[in-house]
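Listed below, chain by chain, are the residues.
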Amino acid sequence: MDQYDENHDYMHQEDDWDRDMLLDPAWEKQQRKTFTAWCNSHLRKAGTQIESIEDDFRDGLKLMLLLEVISGERLPKPERGKMRVHKISNVNKALEFIASKGVKLVSIGAEEIVDGNAKMTLGMIWTIILRFAIQDISVEETSAKEGLLLWCQRKTAPYKNVNIQNFHISWKDGLGFCALIHRHRPELIDYGKLRKDDPLTNLNTAFDVAEKYLDIPKMLDAEDIVGTARPDEKAIMTYVSSFYHAFSGAQKAETAANRICKVLAVNQENEQLMEDYEKLASDLLEWIRRTIPWLENRTPENTMQAMQQKLEDFRDYRRLHKPPKVQEKCQLEINFNTLQTKLRLSNRPAFMPSEGKMVSDINNAWGTLEHAEKGYEEWMLNEIGRLERLDHLAEKFRQKACIHEAWTDGKEEMLKQKDYETATLSEIKALLKKHEAFESDLAAHQDRVEQIAAIAQELNELDYYDSPSVNAQCQKICDQWDNLGALTQTRKEALERTEKLLETIDQLYLEYAKRAAPFNNWMEGAMEDLQDTFIVHTIEEIQGLTTAHEQFKATLPEADKERQAILGIHNEVTKIVQTYHVNMAGSNPYTTITPVEINNKWDKVRQLVPQRDNALMEEHARQQHNEKLRKQFAAQANVVGPWIQTKMQEIGRISIEMHGTLEDQLNHLRQYEKNIVNYKPKIDQLEGDHQQIQEALIFDNKHTLYTMEHIRVGWEQLLTTIARTINEIENQILTRDAKGISQEQMNEFRSSFNHFDRKKTGMMDVDDFRACLISMGYNMGESEFARIMSIVDPNHLGVVTFQAFIDFMSRETADTDTADQVMASFKILAGDKNYITAEELRRELPPDQAEYCIVRMAPYTGPDAVPGALDYMSFSTALYGESDL
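Residues numbered from 1 in each chain as written. Predicted model: local features only at pLDDT ≥ 70, side-chain atom pairs only at ≥ 80, totals over all residues. Heavy atoms only, no water.

Caption draft 1: Fine view of the overall build of the chain. Each helix and strand in the chain was counted, giving 30 helices and six strands. Compactness check: the chain gives a C-alpha radius of gyration of 68 Å against a globular reference of 29 Å for 885 residues, more than 25% above the reference. Taken over 885 residues, the chain has a buried fraction of 40%. Counting contacts in the chain only where the partners sit at least 6 residues apart, residues at least 24 apart contribute 72% of the total. (Helix = DSSP H or I, 4+ residues; strand = E, 2+ residues; numbered from the N terminus. Rg over C-alpha atoms; globule rule 2.2 N^0.38 Å. Buried < 20%, exposed > 50% of the residue type's maximum accessible area, 1.4 Å probe, protein only. Contact = heavy atoms within 4.5 Å.)

Caption draft 2: Structural context of the environment of Met-617. Within the element layout of this structure, Met-617 appears in helix H20 (residues 595-656). Overall, Met-617 belongs to the exposed group, its relative accessible area being 60%. Taking C-alpha positions, Met-617 is 16 Å from Lys-553, a pair spaced 64 residues apart along the chain.

Caption draft 3: Structural view of helix H19 (residues 556-580). Helix length check: H19, at 25 residues, gives a terminal C-alpha distance of 37 Å against a target of 36 Å (1.5 Å per residue), a fit within 8%. Among the residues of H19, Leu-556, Ala-559, Arg-563, Ile-566, Leu-567, Ile-569, Val-573, Ile-576 and Val-577 are the ones counted as buried. Phi for His-581, located one or two positions after H19, is positive at around 55°. (Expected span 1.5 Å × (residues − 1).)

Caption draft 4: Just the confidence of the model for the chain, in detail. Considering every residue of the chain, the mean pLDDT works out to 81; 90% of them sit at 70 or more. Between the elements of the chain, mean pLDDT differs from a low of 40, seen in helix H1 (residues 3-6), to a high of 92, seen in helix H9 (residues 175-184). Ignoring residues within four places in sequence, the model shows residues 1-23, a span with pLDDT below 50, making 46 contacts including any to other chains. Per-residue pLDDT stays below 50 along residues 880-885; that stretch engages in 10 contacts with residues further than four places along the chain or on separate chains. (pLDDT = per-residue confidence, 0-100.)

Caption draft 5: The arrangement of the packing of aromatic side chains in detail. Across all of its chains, the model carries 29 aromatic pairs by this definition. Ring plane angle 65° and centroid distance 5.7 Å describe the contact between Phe-177 and Phe-207, whose orientation is recorded as edge-to-face. Highlighted residues: Phe-177 in helix H9 and Phe-207 in helix H10 (residues 199-213), separated in sequence by 30 residues. With relative accessibility at 0%, the residue Phe-207 sits in the buried group. The lysine or arginine in question, Lys-411, covers the ring of Trp-407, its NZ or CZ lying 4.9 Å from the ring centre. Cation over ring: Arg-770 sits above Phe-785, and NZ or CZ is 4.1 Å from the ring centre. (Phe/Tyr/Trp six-rings, centres within 6.5 Å; stacked < 30°, edge-to-face > 60°. Lys NZ or Arg CZ within 6 Å of the ring centre and 35° of its normal.)

Caption draft 6: Spatial organisation of the pattern of salt bridges. Overall, the coordinates contain 44 salt bridges when judged by the stated rule. Residue Arg-389 pairs with Glu-458 through a salt bridge whose shortest N-O separation is 2.5 Å. Separated by 69 residues along the polypeptide, Arg-389 in helix H14 (residues 359-408) and Glu-458 in helix H16 (residues 425-461) bring together distant segments of the chain. The class for Arg-389 is partly exposed, based on a relative accessible area of 43%. (Salt bridge = Lys/Arg side-chain N within 4 Å of Asp/Glu carboxyl O.)

Caption draft 7: Focus on the environment of Ser-143. By the element assignment, Ser-143 lies in strand S2 (residues 142-143). Residues Ser-143 and Ile-539 lie 396 residues apart in sequence; the distance between their C-alpha atoms is 121 Å.

Caption draft 8: View of unusual backbone geometry. Although it is not a glycine, Asn-161 sits at a positive phi angle of roughly 70°. Mapped onto the fold, Asn-161 is located in the loop between helix H8 (144-156) and H9. In this model, Asp-215 sits at a positive phi of 60°, which is unusual for a non-glycine residue. As for its placement among the helices and strands, Asp-215 is situated in the loop between H10 and helix H11 (222-226). For Asp-215, a relative accessible area of 54% corresponds to the exposed category.

Caption draft 9: Up close: the nonpolar core. Counting residues in hydrophobic clusters, the biggest one holds 77 residues, and the most contacted among them are Ile-128, Phe-177 and Phe-243. Broken down by element, the residue count for this core peaks at 11 residues, all from helix H7 (residues 118-134). Aside from chain neighbours lying at most four places away, what touches Phe-177 is Trp-171, Leu-203, Ala-206, Phe-207, Leu-220, Ile-236, Tyr-239, Val-240 and Phe-243. Formed by 47 residues, the second largest nonpolar core is a distinct cluster that contains Trp-643, Ile-651, Leu-686 and Phe-769. (Core = buried A, V, L, I, M, F, W, Y, C linked by side-chain atoms within 4.5 Å.)

Caption draft 10: Spatial organisation of helix H24 (residues 743-756). A rise of 1.5 Å per residue sets the reference length of H24, with its 14 residues, at 20 Å; its end C-alpha atoms lie 20 Å apart and thus fit the reference within 8%. Within H24, burial applies to Gln-743, Met-746, Phe-749, Arg-750, Ser-752, Phe-753, Asn-754 and Phe-756.

Caption draft 11: Expanded view of the state of the cysteines. Counting across every chain of the model gives zero disulfides. No disulfide involves Cys-402; its sulfur sits 15 Å from the nearest other cysteine sulfur, which is in Cys-474. (Disulfide = S-S within 2.5 Å.)

Caption draft 12: The arrangement of the packing of helix H17 (residues 467-531) against H19 in detail. Axis separation between H17 and H19 bottoms out at 10 Å; the angle between their running directions is 155°. It follows that H17 is roughly antiparallel to H19 by the angle criterion. Relative to H19, the crossing made by H17 is left-handed. The residues of H19 that touch H17, namely those facing Thr-504, Ile-505, Leu-508, Tyr-509, Glu-511, Tyr-512, Arg-515, Ala-516, Phe-519 and Trp-522, are Leu-556, Ala-559, Glu-562, Arg-563, Ala-565, Ile-566, Ile-569, His-570, Glu-572, Val-573, Ile-576 and Val-577. Tallied by class, the residues present in the contact of H17 with H19 amount to 15 nonpolar, two polar and five charged. (Axes fitted to C-alpha atoms, helices over the stretch in contact; angles between N-to-C directions. Parallel < 35°, antiparallel > 145°, perpendicular 65-115°, else oblique. Left-handed = near helix turned anticlockwise from the far one by under 90°. Nonpolar A, V, L, I, M, F, W, Y, C, P; charged D, E, K, R; others polar.)

Caption draft 13: Inspection of the environment of Lys-310 at higher detail. Within the secondary structure, Lys-310 is located in helix H13 (residues 304-345). Remark: the alpha-carbon pair of Lys-310 and Asn-747, spanning 437 residues in sequence, is separated by 134 Å. Aside from chain neighbours lying at most four places away, what touches Lys-310 is Asn-297, Thr-299, Glu-301, Tyr-376, Trp-379 and Met-380.

Caption draft 14: Fine view of the packing of helix H4 (residues 61-71) against H7. Close contact between H4 and H7 brings their axes to 11 Å; oriented N to C, the two are set at 10°. In terms of orientation, H4 lies roughly parallel with respect to H7. In this structure, H4 uses Leu-63, Leu-67, Ile-70 and Ser-71 to contact H7, whose residues at the interface are Met-124, Ile-128 and Phe-132. In terms of residue class, the contact of H4 with H7 is built from six nonpolar, one polar and no charged.

Here you go:
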C-alpha cells in the first residue's frame, strides 16, 4: 500500500475544507499570497509565473504546466483555442489528472475555475499542495499533516520559548521558523539574540534568510501573521512544508555518512563473529572427541549396585555435562547463520570456516556422539534388566514359597479331623461345602506349585549362585503337596457317607415342619377366632357369623386326621435314630413346634367350640330386639319427614302467590302456624323412639332415609320459615299503609318480582333485578344501577328481597310526589314572580328554617331579579337535596 493509501482518511478530511472561512479577508489574503508564491516556486522551473491566482489558471494552460512540473509526468495535450469550451476542456484535464492521483475533489468543477471563482481556485490549489507537497511527508510512522507537525516538534524541541502544537498560533511569534533554520543552518541566524516579544523582527528575519540562503520564496507577510488573531493554517502548512523539503537534502547527506560508519562497524562485528565461531567450534569438537570413548566402553558389572552407579554417572552426564554443550552447539549455529546473513546483507562473501569446523562437520561429530550415547544407554539398560531379572526371579521364588508354606500350615491336621461324626445334617453340608471350597483352593494352588518349580528350573538354567538352597526348598514343597491330595480324598468320602444318612432324617424333619407349621397356624387362628369379641349391628351380620361357625365345626374331623399324620412322622424319626444309633445334636432344625404343643392346642380348640356356640345365640337374640326398634322409629320418621317438607313448600307458595289481600295471606299463614304448633307431640314421640335407639347403640337404619337430626333441622326450619314469612307480610302491610300503595300496585309489584325471580327462591339476583327495572321503563347507566343496588342491597349480598323491592318502588313513587309538592310550595310563596326573597322566607317560615334555606340558596340571576332574590332550583335543593329531586 503506497503512502497515499495510508493517508486516505486524512486527505478526505482536508478535501472537505471549510470554504466559508475563506470569506475572512485576512485568511483569504494570506492564502492568496502563500499559494501564489508556492505555485511560482515551481512554475519558474518552466520559465513562467502567475500574478493572479484566480485569473491566470482560468484557461487551464498554466494549471496543466504546474501539475507537470510538480509531478514529473506529462499531461494530455492542451487545447490552444480561446473559447470557453477550450478552457473548460483544459481545466478538466488538469482535474482528471489530480483525481487520478487518488485525490477526491469536493464541489470543485471546471466551470468555477474558468469563471475565476477565487474560493474554488484556492481550494483546488490547496488540494494540489496537500497531495504533492505534504502527503509524502512521513515521520516515525505518521504522515501528511501529523508527520509535518511531528517533524517540526522534533526539530524545535531543544529551543527555548518554542512550543509547536499546531499550524496557526504556534508560529505567530516567528521563533518556530527561526528555530527550524538554526537547527539545520546555525550559521545563518543568531538565535540567542531573538526575543519572543518582537514577533515582526523574528518573522522577517526568518523569511529573509529563507529566501536568500535556502531558496524558499517569501510566501507570507509578517504584518499579516501578527495582525491576525489566528493565522491561516493552510498558508502556514504550505510555507513550513517548503522548509521540510529544503532541509531534506541535508538530512540525506547526514544519512549517507551514518551509513558508511555503520558499514565499517558491521565489518568489524563480522570479523569478531568469525573469530568467536572458530574458537567455539574447536572447543566443542575437542569435548566430543574426549567423550565418545567413555560412551563406547561396554565392560559389564557383576552386581546391580555397580551397574546402578554406571547409570547414575550417565545421568550426571545427561543432566550436568551435556546441556551446556547442547547450548554451545545451538549458539554456534545461531552465530554462523547470523554471520552469513549479515555478510549477505552487506554484499560480502560468505564465511568459510577452517577445515573440519564447518557446521556440517560439527553436526556429523555430534551425531556420532549421540549414536554412541544411545548405544551406551541401551547396553546399560539391558545389563540392568538382566541383573534385575535374576534378583526378581530369586525374590519371586522366595515370596511364592513363603506364601505356599503359610497356606499349607495346619492343613494336614485339619484334613485328619473326625468332626463329622457328631455333626448335624446342616453342619455336614457346611463341612462338605467347606471341603469343596478347600478342594477348589487346593486346585488353585496347583498353579503356584508349578510356578515355584518353573522358577527354580529357570534359576538353575541361569546359574543362580544360590541354586542348591532353591532346589531343596522346592522338593519339600512338592512332597507336602502330594500328601495333602491323599488326605483330601479320604475326608471327602467320609463326609459323603455321613451326609447320606442324615439326609433321610432331614427329609422327615422337613416333612414334619411343612405339615406342622400350617396345622399349628390353623389351630392358633381357630383359637383366636373362637375367642374373638365380635361386634355386629344387624341380624344379618349375626346370622353370617353363626353360619361361618357351623362351617368351622364341620372341618374338625379332617383336622384331627392331619394331627395324627404329623405325629406319625415324628415317631418315624425317633425309630430311625434308635435303629442306626445316630448321635442327634439337637431338635428339628426346621421348626420349634413339638408334638406336645400340637396336642395341647388341639385340646384347647375342642374346649372353645361350645363356648362360641353360647355367645352367638345370645347376640342373635339382642339383634332381633334392635331390629324391632329400627322399624318402630322408621314408621314414625317416614310420616313426619314428608309432612315437614310439604308444609315448607306450602308456606313458600303462599308467600309468592297473590290470592286475596295481604291481610288474607297473613290470616292464612297464622292458621298454618297454629297447625304446625299442634304437630309438636308427634315430634316429641319420635324423640322418645330415637332415645331408645341410641341407648341400644344402633347407628344405622335401613328402613328409613330420615335421621333424627334431619327431623330436628327440618322442624326448626319450618318454625323459622313460618315466622319469617308472617313478619314479611306484616312489613309489606306497614309499607303499603305508610306509602299509600294500593292493593293493585302491590299485586303488580308481586307479579313483576315473581316473574323475574327465575330460580323461585323468593329473591332476585343482580341480573334478574336489572332486567326487572328495564322492563319497568328505567333507563340507567352502570353508575345509576350501582346507586340503586346500594339502596336495595346495602349489605352487598348479591340478592334483592321482595321487601327491599317494594321499599324501593314505593320510594320512587314518593320522590315524584315530593317534587310536585316543592313546585306548589314555591308558587304559594312566590306568587306571580320567578323568584322568592329572603324577607319573604323570614316572613313565611320559622326563623331557624328560614335562615337554614337562605344560607343554602343561590341568587336568582334572571332579568327580573331584585336584591336578595333566590331561584327555585336552589330553593328546592336546600329543602330536599339534589339526589331526591
